[in-house]
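Working through the structure, step by step
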Number of protein chains: 4
Amino acid sequence: MADTLIKVDLTQSPTLNENIHNRWHPDIPMACWVNPGDEFILETFDWTGGFIQNNDSADDVRDIDLSTVHYLSGPVGVKGAEPGDLLVVDLLDIGAKQDSLWGFNGFFSKKNGGGFLTEHYPLAQKSIWDIHGMFTKSRHVPGVSYAGLIHPGLIGCLPDHKMLEMWNTREQELIDSDPSNTGLANPPFAATAHMGRLTGEAKDKAAATAARTVPPREHGGNCDIKDLSRGSKVFFPVYVDGAGLSVGDLHFSQGDGEITFCGAIEMAGWVHMKVTLIKGGMAKYGIKNPIFKPSPIKPVYNDYLIFEGISVDEQGKQLYLDVNVAYRQACLNAIEYLKKFGYSGAQAYSILGTAPVQGHISGVVDVPNACATLWLPTEIFEFDINPTAAGPTKFLDGSVQMPISPDVK
Amino acid sequence: MADTLIKVDLTQSPTLNENIHNRWHPDIPMACWVNPGDEFILETFDWTGGFIQNNDSADDVRDIDLSTVHYLSGPVGVKGAEPGDLLVVDLLDIGAKQDSLWGFNGFFSKKNGGGFLTEHYPLAQKSIWDIHGMFTKSRHVPGVSYAGLIHPGLIGCLPDHKMLEMWNTREQELIDSDPSNTGLANPPFAATAHMGRLTGEAKDKAAATAARTVPPREHGGNCDIKDLSRGSKVFFPVYVDGAGLSVGDLHFSQGDGEITFCGAIEMAGWVHMKVTLIKGGMAKYGIKNPIFKPSPIKPVYNDYLIFEGISVDEQGKQLYLDVNVAYRQACLNAIEYLKKFGYSGAQAYSILGTAPVQGHISGVVDVPNACATLWLPTEIFEFDINPTAAGPTKFLDGSVQMPISPDVK
Amino acid sequence: MADTLIKVDLTQSPTLNENIHNRWHPDIPMACWVNPGDEFILETFDWTGGFIQNNDSADDVRDIDLSTVHYLSGPVGVKGAEPGDLLVVDLLDIGAKQDSLWGFNGFFSKKNGGGFLTEHYPLAQKSIWDIHGMFTKSRHVPGVSYAGLIHPGLIGCLPDHKMLEMWNTREQELIDSDPSNTGLANPPFAATAHMGRLTGEAKDKAAATAARTVPPREHGGNCDIKDLSRGSKVFFPVYVDGAGLSVGDLHFSQGDGEITFCGAIEMAGWVHMKVTLIKGGMAKYGIKNPIFKPSPIKPVYNDYLIFEGISVDEQGKQLYLDVNVAYRQACLNAIEYLKKFGYSGAQAYSILGTAPVQGHISGVVDVPNACATLWLPTEIFEFDINPTAAGPTKFLDGSVQMPISPDVK
Amino acid sequence: MADTLIKVDLTQSPTLNENIHNRWHPDIPMACWVNPGDEFILETFDWTGGFIQNNDSADDVRDIDLSTVHYLSGPVGVKGAEPGDLLVVDLLDIGAKQDSLWGFNGFFSKKNGGGFLTEHYPLAQKSIWDIHGMFTKSRHVPGVSYAGLIHPGLIGCLPDHKMLEMWNTREQELIDSDPSNTGLANPPFAATAHMGRLTGEAKDKAAATAARTVPPREHGGNCDIKDLSRGSKVFFPVYVDGAGLSVGDLHFSQGDGEITFCGAIEMAGWVHMKVTLIKGGMAKYGIKNPIFKPSPIKPVYNDYLIFEGISVDEQGKQLYLDVNVAYRQACLNAIEYLKKFGYSGAQAYSILGTAPVQGHISGVVDVPNACATLWLPTEIFEFDINPTAAGPTKFLDGSVQMPISPDVK
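Description of the structure in this document. (Residues numbered from 1 in each chain as written. Chains lettered and ligands numbered in written order. Predicted model: local features only at pLDDT ≥ 70, side-chain atom pairs only at ≥ 80, totals over all residues.)

Between chain A and chain D, the superposition needs a rotation of 180° and an axial shift of 0.0 Å, giving an RMSD of 0.0 Å. Here the transformation between the copies is reduced to the relation of a two-fold axis. In this assembly the copies share their binding face: 100% of the residues contributing to the interface of chain A also contribute to that of chain D. (Least-squares fit on C-alpha atoms with pLDDT ≥ 70 in both. Contact = placed C-beta atoms within 7 Å.)

Attention shifts here to the interface of chain D and chain C. Between chain D and chain C, the contact holds 77 residues from the first and 79 residues from the second. Contributions of two or more residues to the side of chain D that touches chain C are made by α2 (161-176), β12 (216-217), α4 (281-285), β18 (291-293), β20 (304-310), α5 (323-339), β21 (358-363) and β22 (371-377) of chain D. Relative to β18 of chain D, strand β20 (residues 304-310) of chain C runs antiparallel, the two sharing two bridges. The partner of F307 of chain C across the bridge, within β18 of chain D, is I291 of chain D. (Helix = DSSP H or I, 4+ residues; strand = E, 2+ residues; numbered from the N terminus. Pairing = 2+ DSSP bridges.)

Turning to helix α3 (residues 200-207) of chain D, a few remarks are in order. Those residues of α3 of chain D not exposed but buried are K203, A206 and A207 of chain D. One face of α3 of chain D carries all of its buried residues, which in axial projection span an arc of 95°. (Buried ≥ 20, exposed ≤ 12 C-beta atoms within 10 Å, placed from the backbone. Arc of directions from axis to C-beta.)

Take the relation of the copies chain D and chain C next. Note on the copies: chain D fits chain C at an RMSD of 0.0 Å, the axial shift is 0.0 Å, and the rotation between them is 180°. The share of interface residues of chain D whose copies in chain C are also at the interface is 100%, consistent with both copies meeting through the same surface.

Looking now at the packing of helix α5 (residues 323-339) of chain B against helix α6 (residues 345-354) of chain B. Residue and element names in this part refer to chain B. Contact geometry for α5 and α6: axes closest at 9 Å, N-to-C directions at 125°. One element, α5, and the other, α6, form an angle in the oblique class. Helix-helix and strand crossings are classified by hand; for α5 and α6 the assignment is right-handed. Of α6, the residues touching α5 (which contributes C331, A334, I335, L338 and K339) are G345, A348, Y349, I351 and L352. Considering only residue class, the contact of α5 with α6 consists of eight nonpolar, one polar and one charged. (Axes fitted to C-alpha atoms, helices over the stretch in contact; angles between N-to-C directions. Parallel < 35°, antiparallel > 145°, perpendicular 65-115°, else oblique. Left-handed = near helix turned anticlockwise from the far one by under 90°. Nonpolar A, V, L, I, M, F, W, Y, C, P; charged D, E, K, R; others polar.)

Let us now look at the pairing of strand β17 (residues 269-278) of chain C. Residues and elements named next belong to chain C. Within β17, nine of the ten residues are buried, leaving the element largely enclosed by the surrounding structure. Bridge count between strand β4 (residues 39-44) and β17: six bridges; the pairing is antiparallel. Opposite L42, over in β17, you have V271 as the bridge partner. Bridge analysis of strand β6 (residues 86-96) against β17 gives ten bridges, and the strand direction is antiparallel. Paired with L91 across the two strands is M273, which belongs to β17.

Given below as structure tokens:
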């Protein structure tokens with residue numbers, strides 16, 4: 001039986017737990033050490049550290065301080081790991097904590113984080129998803145049930161000083177390129193940094209340059225890849241002695257793109273993993289970013305409705321091979337379609353963010369239009385959403401809606 | 001048995017065939033008419049109309065006049081189809097012509113079309129793929145064999161005048177936005193227009209505004225969606241009386257993105273299809289772009305190596321949530337990996353363009369980095385490409401290479 | 001392009017074609033020779049050589065002389081093949097002949113061949129299935145459509161004299177064990193033997209001991225394995241110099257067990273294959289019967305209704321771990337279920353015989369009951385056959401039925 | 001969060017737990033009651049109630065008293081359930097108990113239970129399988145690792161008196177048909193009956209006729225269907241008021257047929273389920289045995305080696321369409337094949353019993369030979385077991401073997 005090396009108490013603040021951190025920095029001390037070949041379990045907070053509650057108000061989604069996220073468990077030191085190695089992580093299983101069998105999804109206010117469709121859904125909204133064994137349902141989004149594609153939204157190893165500096169430099173350059181300061185990236189922010197076991201002056205010093213956790217980067221990090229799910233095997237670049245593996249931001253289910261940003265179906269839980277090493281693997285295999293192999297056990301949906309989008313925006317403006325715009329159009333097309341069956345736009349948006357929808361980069365060379373496709377599994381619906389000659393049936397009467405919280409002031 | 005309504009003679013120029021056209025315009029007369037419920041077969045040229053040859057020189061890829069493509073079969077009129085309907089097309093089967101059991105893939109010169117990785121592979125290159133029943137292999141790219149995911153790169157209905165004008169307007173605006181005229185889009189070009197049965201003055205007039213076929217648009221068109229494959233069912237918006245369905249640009253296999261641009265495994269062939277109508281379906285289902293359901297018969301690969309890419313470009317510059325850049329990095333990462341097994345970069349690039357690789361929009365909200373993943377099926381390789389502690393084996397000795405043709409002058 | 005080494009003319013009797021044979025015997029001369037590594041195509045008659053017609057009468061099913069079947073194309077000699085080798089056959093593709101895009105299914109009369117449920121359906125019945133590209137539908141069995149799982153019912157190499165003698169001996173012993181002579185097996189029968197190029201005395205002599213083609217045996221033969229479908233790779237034991245590969249009895253689709261016996265969806269067609277050798281492979285791998293690897297391209301159905309059966313027969317008698325009885329019960333249970341939606345028993349039986357249903361040996365040790373399961377894909381039906389609280393809807397009104405032909409006399 | 005309605009203490013004898021029973025009888029009182037729509041959890045012993053230990057001796061397998069099995073949790077009463085209804089059970093999740101993360105597989109001695117291949121492996125043997133998250137490995141069977149296809153071997157509702165009498169009658173007739181009394185079936189046996197809450201005289205009376213749990217029967221029971229796995233939905237016939245659902249005999253993984261009998265990978269654990277009713281569903285849908293729908297989350301293996309078997313036995317005797325013999329031959333063929341890679345026969349037999357191998361009833365009408373196929377997933381092996389021209393490599397040196405315990409006199 002694998003030992004639980006890091007435990008979390010969901011009734012406590014994550015900032016009181018010294019095996020938790022919310023920044024990336026090589027000076028964060030290892031929370032614990034393991035040997036190659038070891039199996040172990042890490043418990044995790046949800047990415048907000050418990051800020052979002054299981055209730056019917058979106059106020060918490062509106063009011064969250066996003067400088068506090070993500071609360072990660074680790075870093076775990078792996079004996080013998082050296083820069084240039086590949087750390088092979090088998091995600092043997094992942095689950096929710098037994099005292100917390102639910103997750104949340106939401107859209108941030110456009111004024112505080114936003115999301116992929118924030119121009120269309122600019123206000124904070126939330127849906128709660130109950131976990132029923134391997135399945136989930138929501139009291140706010142009727143008519144759908146998904147088998148869980150459980151995965152960590154965020155997992156990766158500590159950067160070294162050089163890589164950290166590179167991150168900070170390039171992201172600051174992006175920030176600097178935007179005089180109106182609309183939040184293209186988030187620079188280090190010491191005030192809300194939680195640096196694990198690092199305290200005092202050392203903490204203050206490191207926190208001043210510690211990287212925020214939102215973006216995915218060379219080490220993996222907040223990739224939000226739904227298929228990096230329990231049962232998969234991941235090969236992570238190692239930058240520091242001991243590797244320093246951290247994990248958090250567990251998702252019960254998510255669609256490609258995590259378009260709702262807040263986020264997937266977000267949950268607290270645990271990760272059961274095994275680590276081994278490929279010495280010198282980065283050079284051997286020419287690895288810059290992590291690679292992985294998918295799980296042999298995952299939800300298999302076979303029947304899809306596939307929506308196309310091209311890179312012409314909502315105002316009819318032609319963009320040049322812009323996959324983001326194309327995918328946004330595919331998403332908007334799917335939402336319009338689902339409305340015909342009685343969903344509100346917000347509910348349809350939530351489905352695209354939480355169900356195991358696929359987002360494919362279908363065509364990226366046919367100037368000037370990129371083409372993206374959104375694959376919506378039909379088997380998640382309790383009614384038939386396929387097009388027929390008779391036209392759609394409004395299965396939902398609109399009596400159930402998602403909580404919404406207008407911006408204050 | 002379904003009738004073959006349009007035949008092509010591969011030894012003749014497509015411009016001599018009045019059931020072929022290479023522009024979109026509502027005035028192109030129907031090549032033939034069918035009734036809803038009919039099954040029929042259309043033969044097609046390859047997208048270049050036979051310009052690219054089955055040989056070991058990339059000169060034709062270098063020298064092609066891209067204003068001549070794509071040669072499409074149609075338009076097929078469907079009795080009773082009216083603007084606002086959905087034309088339901090069952091792709092009952094698709095195949096190569098028996099006298100042409102091969103296809104080509106290539107990269108255009110950066111000076112003439114380019115491709116997704118044209119900065120890295122700026123010269124014309126070509127590979128030829130032989131078709132062996134349901135499988136393909138190339139004499140220029142050793143060690144791989146794929147089961148065919150046969151699909152039309154291009155299929156859709158005629159635009160009406162209003163839609164055509166919208167296309168031309170928005171694309172011209174894009175062209176106009178680029179003073180250095182680097183080819184962001186292609187405006188109408190009458191000189192090489194082939195307008196099917198339209199001749200004389202009427203042809204000249206229409207050709208002056210007829211849309212080029214390269215981009216996918218609202219009607220579908222050149223979507224290059226690999227999963228719109230034989231066995232799938234597609235729902236097309238109808239804009240003109242009779243719908244006017246045209247098809248061409250058949251692919252034996254392709255990866256998500258068709259990153260090599262020239263293109264997938266391009267072939268001449270035939271499409272066996274059935275058409276029905278959903279009257280008023282566009283409004284009933286809120287349809288702007290085509291939607292489709294995937295085929296129950298397609299190559300199923302289960303084991304993948306998945307490469308991540310983020311939106312930091314090759315020079316280390318940070319882009320803001322740019323999926324194109326992220327997918328390009330994932331592709332480059334995969335190419336570096338494959339080189340370790342003995343492939344040239346060009347061969348690896350060809351594999352990504354031709355094999356049924358998946359390109360997923362994995363994360364698109366985690367500022368500032370988009371995350372894209374490229375899924376490479378391991379089962380297409382004749383040797384094991386999985387990472388191991390021992391490191392990779394060079395299975396290929398480099399003795400087989402792809403033809404390359406330097407730019408002239 | 002692969003050469004067609006054997007052609008068949010469907011308007012002629014198969015007995016006039018010297019590249020066809022309907023018995024197994026080592027003296028049958030090779031119809032043609034190929035080299036290891038060669039690709040080639042063989043055309044085939046349907047297993048009855050054209051006796052069953054595309055019409056609406058089951059008289060031909062009732063009246064057929066089963067001593068005439070199966071008409072096989074071959075044998076193909078493979079240069080260098082020797083006893084003890086494994087002949088590796090890649091089934092690169094299989095299809096119907098363009099002048100014969102249909103197939104038949106039926107039940108033989110209990111008096112002439114019968115079938116798995118002949119006690120319940122003792123009279124000759126027939127259904128005709130039209131081939132629409134990769135799909136099939138029947139005018140006699142409404143409401144279903146299948147993607148084709150095309151495969152040869154019968155394929156294998158010539159036996160040597162010793163193996164032939166073993167077959168004849170053991171099968172005669174079985175016949176002799178049944179004094180009432182109910183047809184437990186079929187001994188050699190010279191009168192209707194067609195021995196390919198063998199003529200005159202040599203033919204008469206060989207025909208006297210040539211094995212009938214109905215049973216599968218060590219060499220493969222009439223295995224009727226639905227998953228040995230186009231795209232699969234088969235490893236056949238070789239018993240004679242040159243191997244002598246023959247093939248026929250093509251099926252467009254079939255369920256596990258081929259329970260209707262006459263048969264799957266039976267068709268004339270062609271097989272595109274490639275042969276190679278594993279020298280001494282039988283001993284190297286301990287091979288007695290063929291082994292194979294399934295195709296990467298085949299119909300994929302994901303949603304099933306699964307029916308259980310146990311080894312208690314229709315009269316309530318307890319059998320000991322008898323999988324045949326258990327599978328028969330599972331089949332009968334599925335038929336009763338389908339009747340609730342409006343199918344006749346015969347139509348339901350036809351569906352189980354022709355659709356890609358799976359038959360699993362689920363439990364075979366829990367004395368005294370074997371347990372078998374029949375997997376019915378729900379996606380082949382045009383209506384929903386899942387159980388609901390409301391109960392089933394009779395989608396079919398019984399106006400369409402299968403032809404039936406009472407026994408004469 | 002679902003309540004755990006039945007708990008088990010693995011350190012105690014199951015006979016001390018009044019919510020456990022090892023016989024089927026309508027008089028066994030409900031252990032607890034639920035409402036339709038309820039979700040709940042039942043813990044279970046392994047089928048032997050803890051007799052088989054996690055050690056390296058097969059003595060316990062040899063010495064077990066099989067009259068004591070299976071120890072089931074229940075019966076659970078469902079309010080409102082009446083005879084003729086269908087009880088719909090959603091198996092929301094199933095797992096091992098955290099204090100017991102292992103399972104066992106073995107062969108019984110031919111003198112005490114035997115197994116499908118007991119003539120070949122007549123002595124008691126055992127292998128222990130450790131559970132690593134969603135995967136399993138054995139210290140006795142090297143080189144394989146499976147993703148868990150977790151399922152209850154045994155689940156079903158209480159019979160009524162009439163059905164119980166029918167079972168006892170027909171099974172006794174089978175026993176009586178065998179004068180040498182070789183154990184064709186097991187009659188009621190009061191001495192080791194554990195009847196849950198039933199005590200005293202009532203217990204003694206019921207135990208005298210209570211059915212043994214080994215065979216699957218009309219109610220489901222010990223079906224050992226590997227695909228009735230977590231995530232599946234089962235429709236059970238109801239015979240008594242309240243239904244009386246019991247479950248036990250959990251398996252972490254099993255092959256079709258459960259050929260090793262002792263058994264799958266047997267484990268103690270828990271089942272999380274939800275129950276609803278279809279009133280009068282047995283008549284509405286013509287249901288005699290349970291039906292079910294498979295899970296959307298299960299191990300997906302894509303690459304198989306498929307072994308054929310025909311109904312000619314090991315001595316060369318021809319049987320008539322006997323699927324059992326054909327499947328036995330397919331199993332023996334697979335074992336011979338695996339030996340070439342270094343497995344002992346016993347280890348190969350264990351793999352066929354425990355891995356998610358498929359057993360298909362491939363042909364059942366081609367007199368006189370039935371044809372069965374065994375599908376062995378190649379992806380469970382740590383090395384390549386595909387046939388190649390070079391022949392097999394002995395990856396295992398035989399240093400690891402399965403414990404064996406000779407019969408004692």
